[in-house]
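A structural walkthrough
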Amino acid sequence: MIEAKNLTKRYGDKIAVNDLSFRVEPGRVTGFLGPNGAGKSTTMRLILGLDRPNEGDATIDGEHYRDLPRPLQTVGALLEARAVHTGRSAYNHLLALAQTQGVGKKRIDEVIHLVGLTEVARKRAGGFSLGMGQRLGIAAALLADPSVLILDEPVNGLDPEGIVWIRTLMKRLASEGRTVFVSSHLMNEMAVTADHLIVIGRGRLIADCSTEEFIERSTEEVVVVRSPDTEGIAAAVEREGGKTTLGEDGLLSVTHMQAARVGELAAAGGFVLHELTPKRGSLEEAFMELTRESVEYGGTAATPQAAPQAAPQPQAVPEPQGETR
Amino acid sequence: MTTATHAAGTTPDIRKAGFGRVVLSEWTKIRSVRSTVWSLVLLVILDLGFTALLCGLTAAQWSKTDAAAQATVKADPTGTILGSGFFLSQLTVCVLGVMVIASEYSTGMIRASLLAVPRRVSMLAAKAVVFTLLIFVLGTVVSFASFFIGQPILHDKAPVALGDPGVLRAVVGGGLYLAMLGLFALALGAIIRHTAAGITGVIGFVLVLAPLASLLPGSLGKHVHAYLPSEAGQLIARAHQADTDLLTPWQGYGVFAIWTAVLLVIAAVQLRSRDA
Ligand SMILES: Nc1ncnc2c1ncn2[C@@H]1O[C@H](COP(=O)(O)OP(=O)(O)OP(=O)(O)O)[C@@H](O)[C@H]1O
Ligand SMILES: [Mg+2]
């Protein structure tokens with residue numbers, strides 16, 4: 001089990017992780033979601049003792065990472081940035097790691113085979129493609145057969161076959177009773193992999209619930225109504241137990257009611273309908289909606305700490321900005 | 001004392017056994033990078049090559065050399081022979097010492113290393129032990145080889161034998177000097193965490209500071225010069241003290257060791273406190 005308590009990490013005056021608390025339970029895949037720059041990788045580095053939190057604490061099975069006697073036997077980690085000497089072969093890289101834990105050579109061959117690098121195991125890791133490097137990172141994570149896995153965007157650079165493979169692998173590891181904590185910024189990817197989701201935005205916790213619940217909550221059917229008399233329709237719908245919100249664009253959104261019933265109610269009340277559209281929000285949209293709100297919250301919160309973050313958009317989505325320049 | 005009654009999993013000496021494993025791992029790391037192997041080959045070639053070259057030149061130019069220079073060589077042929085070998089080869093030790101640690105930062109390997117050994121100082125200590133021992137063994141072998149190459153070349157002009165007072169100590173001292181130099185470079189590399197900058201820093205210490213210090217006026221310059229790391233350290237590889245030396249060989253080596261120890265402590269403190 002991984003436990004984060006009030007984790008806070010600042011780089012200069014930038015808050016990367018802000019008072020973040022959560023638990024990652026064993027026996028299931030826990031997805032760690034957030035847009036670019038949300039603080040996922042930073043949180044993982046804090047858990048792994050690579051970076052020190054300014055406040056708060058992270059433990060694995062109740063211990064700090066640095067106190068684990070043979071850490072790789074407890075936690076296997078795949079980091080976002082490469083962590084391999086480019087001049088060393090995959091085999092020797094794994095050998096050097098294995099020796100620190102007293103792991104035998106047989107296991108090295110096993111994990112190399114498992115990730116499909118057998119043919120290039122004796123080649124310099126510097127010449128590996130992105131996907132091969134990722135596979136080597138996964139091999140290192142699995143090396144000492146750990147009970148906790150922390151994987152930062154493992155599908156990065158993998159081909160479709162590789163993606164299916166890692167997905168199956170993570171599910172299998174979880175079903176064996178291990179703790180699997182995996183980050184991504186792709187909601188759809190997590191929807192098919194994770195049993196549980198922890199969503200963060202700008203370093204803060206936004207959601208911590210089962211994937212099922214998250215999907216149900218966020219892909220609820222919405223009926224969009226355009227009418228000169230939204231007020232009348234809203235009243236009729238609410239009387240029947242539906243819920244409505246009136247958008248700034250004058251459109252009425254109805255939930256908890258089927259489109260047909262909304263139409264019937266409009267007809268019965270004699271209201272003119274210009275449009276009646278049932279919509280099922282996509283997961284990706286729901287995710288963006290959720291994290292966008294967190295960004296707005298971060299920007300408008302009247303605390304002195306939040307003040308320097310006054311320009312939410314560019315900070316929340318740094319990568320596309322850099323590319324368009 | 002440990003009997004079967006001890007529950008499996010509660011091995012009390014798990015951490016003591018740990019350091020040996022980290023040392024083994026660091027040895028694997030060093031030997032499995034081609035650039036380290038090539039640097040070591042270069043060390044041997046440069047050391048022996050320059051011993052032969054410089055000693056040969058000294059012998060060939062003997063009649064044209066002034067009496068004072070001849071006297072210096074005669075007073076300590078061992079120092080001349082070993083010094084000819086170090087002259088360039090010590091730079092490979094400097095470069096390698098920095099690279100052994102700084103390349104972990106430039107490639108990101110440091111993160112994998114620290115995940116495997118989160119007690120960071122023990123990783124640094126293991127690396128230092130392995131590298132220093134490696135350079136000591138190789139340096140001593142090279143030092144003996146250098147002596148036996150230079151000795152016959154200079155024999156007619158400045159005879160010396162391994163059994164002469166101080167000579168054996170100086171030849172072994174050649175290995176000791178290179179080993180400490182390697183450790184010094186490794187410590188600086190660990191502090192600077194950047195290969196090119198680290199190499200520049202070490203070479204600055206070894207090659208640039210010494211001539212600069214001799215520019216300082218009077219006895220101040222002399223003292224500063226004598227206490228510089230590589231200047232003080234090299235005394236161990238000379239069989240005879242010059243009258244002008246402020247330090248004995250072992251004092252000099254001690255000064256070099258203190259410099260190195262200070263840098264190592266700074267490196268360890270930084271390693272513990274900085275984000276990786
Ligand atoms: N070492 C560092 N020094 C300075 N700022 C940092 C550092 N690491 C992260 N940050 C900042 O902290 C914030 C969170 O970064 P982090 O890498 O944790 O995000 P992320 O959720 O992993 O994003 P992505 O999906 O792009 O991987 C970013 O604004 C980033 O610029
Ligand atoms: Mg990241």
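Right above here is the structure, for reference.
Just so it is clear, the model here is predicted, and its values are computed rather than measured.

**Some remarks on the overall build of chain B**
Counting its secondary structure elements, chain B contains 11 helices and zero strands. Start at the N end of chain B and walk to the C end: the helices and strands fall as α-α-α-α-α-α-α-α-α-α-α. Structurally, chain B occupies a C-alpha span of about 75 × 45 × 35 Å along its principal axes. Across the 276 residues that make up chain B, the buried fraction comes to 50%. Expressed as a percentage of contacts within chain B between residues at least 6 apart in sequence, the contacts between residues at least 24 apart total 79%. Accessible area for chain B stands at about 12,300 Å²; split by element, carbon and sulfur atoms hold 70% of it.

**Section: the overall build of chain A**
Secondary structure assignment for chain A yields 13 helices and 13 strands. Split into buried and exposed, the 325 residues of chain A put 49% on the buried side. With the model as given, the accessible surface of chain A reaches about 15,100 Å², and the carbon-plus-sulfur share is 50%.

**Some thoughts on the site of ligand 1**
Residue and element names in this part refer to chain A. As a structural note, the neighbourhood of ligand 1 is formed by 15 residues, with Lys14, Lys40, Ser41, Thr42 and Glu80 the closest of them. Serine 41 is positioned with one of its side-chain polar atoms (N or O) 2.7 Å from an oxygen atom of ligand 1. Bound to the protein, ligand 1 loses 69% of the 640 Å² it would expose on its own. Sorting the residues of the shell around ligand 1 by element identifies β2 (14-24) and α1 (40-47) as the ones contributing at least two each. It is α1 that contributes the most residues to the shell around ligand 1, four residues altogether. Here the shell around ligand 1 is built from residues that sort into four nonpolar, six polar and five charged.

**Observations concerning a nonpolar patch on the surface**
Together, Leu207, Val208, Leu209, Leu212 and Leu215 of chain B make up a nonpolar patch on the protein surface, roughly 450 Å² of accessible area in all. With respect to the helices and strands, leucine 209 of chain B occurs in helix α8 (residues 195-215).

**A closer look at the nonpolar core**
Grouped together as the largest cluster of nonpolar side chains are 147 residues, with contacts concentrated most on Phe22, Leu48, Ile150, Phe181 and Phe214 of chain A. The greatest single-element share of this core, amounting to 16 residues, is contributed by helix α7 (residues 167-192) of chain B. If we ignore the near neighbours within four places in the chain, the residues touching phenylalanine 22 of chain A are Ile2, Glu3, Ala4, Phe32, Thr43, Ile47, Phe181, Ile198 and Asp208 of chain A. Core analysis: the second largest hydrophobic core is formed by 12 residues, Leu252, Val254, Ala259 and Leu265 of chain A among them.

**As for unusual backbone geometry**
Peptide bonds are trans in most cases, and residues, glycine excluded, mostly fall at negative phi. Here histidine 256 of chain A, not a glycine, exhibits a phi torsion of approximately 60°, which is positive. Position of histidine 256 of chain A among the secondary structure elements: in the loop between β12 (252-255) and α10 (259-269). Assessed through its relative accessible area of 48%, histidine 256 of chain A is described here as partly exposed. One non-glycine residue, arginine 193 of chain B, adopts positive backbone phi at about 60°. Within the secondary structure, arginine 193 of chain B is located in the loop between α7 and α8.

**Re the interface of chain A and chain B**
Each partner contributes residues to the interface: chain A has 34 residues there, and chain B has 28 residues. Roughly 2,800 Å² of surface becomes buried between chain A and chain B when both sides are summed, with 55% attributable to carbon and sulfur atoms. The three residues of chain A that bury the most area against chain B are Leu50, Arg88 and Gln99 of chain A, which together make up 22% of that side's buried surface. Seen at the junction of chain A and chain B, the total is two salt bridges.

**A look at the coordination of the magnesium ion (ligand 2)**
Residues and elements named next belong to chain A. Looking at the magnesium ion (ligand 2), one finds its protein donor set to be Ser41 (OG) and Glu80 (OE), positioned 1.9 to 2.3 Å from the metal centre. Taken together, the positions of serine 41 in helix α1 and glutamate 80 in the loop between β5 (75-78) and α3 (90-101) put the pair 39 residues apart, joining distant regions of the chain. Given the relative accessible area of 11%, serine 41 is considered buried.

**Brief notes about the side chain of aspartate 47 of chain B**
Residue and element names in this part refer to chain B. Structurally, the position occupied by aspartate 47 is in helix α2 (residues 34-60). The side chain of aspartate 47 is buried and forms no salt bridge, while arginine 238, the nearest opposite charge, is found at 14 Å. Each residue touching aspartate 47, except ones within four places of it in the same chain, is listed here: Gly85, Phe86, Ser89, Val142 and Ser146.

**A word on the packing of aromatic side chains**
Taken as a whole and judged by the stated rule, the model has 11 aromatic pairs over all chains. Clustering of aromatic rings is evident, with ring pairs tying together Phe86, Tyr177, Phe184, Phe205, Phe256 and Trp259 of chain B. The ring centre of tyrosine 91 of chain A lies 4.0 Å from the NZ or CZ of arginine 122 of chain A, which sits over that ring. The ring of tryptophan 165 of chain A has arginine 135 of chain A sitting right over it, with the charged end atom 5.4 Å from the ring centre.

**Describing the environment of glycine 79 of chain B**
Residues and elements named next belong to chain B. Summarising the element assignment, glycine 79 is placed in helix α4 (residues 77-107). Looking at glycine 79, the relative accessible area reads 15%, which means it is buried. A sequence separation of 161 residues divides glycine 79 from histidine 240, and the C-alpha atoms of the two residues are 7.9 Å apart. When near neighbours in sequence (up to four residues on either side) are disregarded, glycine 79 contacts Ala237 and Arg238.

**A word on the pattern of salt bridges**
Evaluation of the coordinates by the stated rule reveals 19 salt bridges over all chains. Between arginine 226 of chain A and glutamate 275 of chain A there is a salt bridge; the shortest N-O distance is 3.0 Å. Here the residue arginine 226 of chain A occupies a position in strand β10 (residues 221-226), and glutamate 275 of chain A occupies one in strand β13 (residues 275-280), the gap between them amounting to 49 residues. Take glutamate 275 of chain A: its relative accessible area is 28%, and that puts it in the partly exposed class. As a salt-bridge pair, glutamate 26 of chain B and lysine 29 of chain B come within 3.0 Å of each other at their nearest N and O atoms. Taken together, the residues span about one helical turn, with glutamate 26 of chain B and lysine 29 of chain B both in helix α1 (residues 14-31) at a distance of three residues. Each member of the pair glutamate 26 of chain B and lysine 29 of chain B is classed as buried. One network of salt bridges, in which partners are shared, links Asp145, Arg172, Glu176 and Arg178 of chain A.

**Examining the side chain of serine 183 of chain A**
Here serine 183 of chain A lies in strand β7 (residues 179-184). Among the polar contacts listed, one links the side chain of serine 183 of chain A to the side chain of aspartate 152 of chain A, at a separation of 2.5 Å.

Reading the values: the criteria
Residues numbered from 1 in each chain as written. Chains lettered and ligands numbered in written order. Predicted model: local features only at pLDDT ≥ 70, side-chain atom pairs only at ≥ 80, totals over all residues. Heavy atoms only, no water. Helix = DSSP H or I, 4+ residues; strand = E, 2+ residues; numbered from the N terminus. Buried < 20%, exposed > 50% of the residue type's maximum accessible area, 1.4 Å probe, protein only. Contact = heavy atoms within 4.5 Å. Areas by Shrake-Rupley, 256 points an atom, 1.4 Å probe, with all protein chains shown as cover. Near = heavy atom within 4 Å. Polar contact = N/O pair within 3.5 Å; in protein donor to acceptor, adjacent residues only side chain to side chain. Nonpolar A, V, L, I, M, F, W, Y, C, P; charged D, E, K, R; others polar. Patch = residues over 30% accessible without salt bridge, like charges linked within 9 Å, V, L, I, M, F, W, Y side chains within 5 Å. Salt bridge = Lys/Arg side-chain N within 4 Å of Asp/Glu carboxyl O. Core = buried A, V, L, I, M, F, W, Y, C linked by side-chain atoms within 4.5 Å. Buried area = accessible area lost by both parts, 1.4 Å probe. Donors = N, O, S within 2.8 Å, 3.2 Å for Na, K, Ca; no water. Lys, Arg positive; Asp, Glu negative; His and termini not counted. Phe/Tyr/Trp six-rings, centres within 6.5 Å; stacked < 30°, edge-to-face > 60°. Lys NZ or Arg CZ within 6 Å of the ring centre and 35° of its normal.

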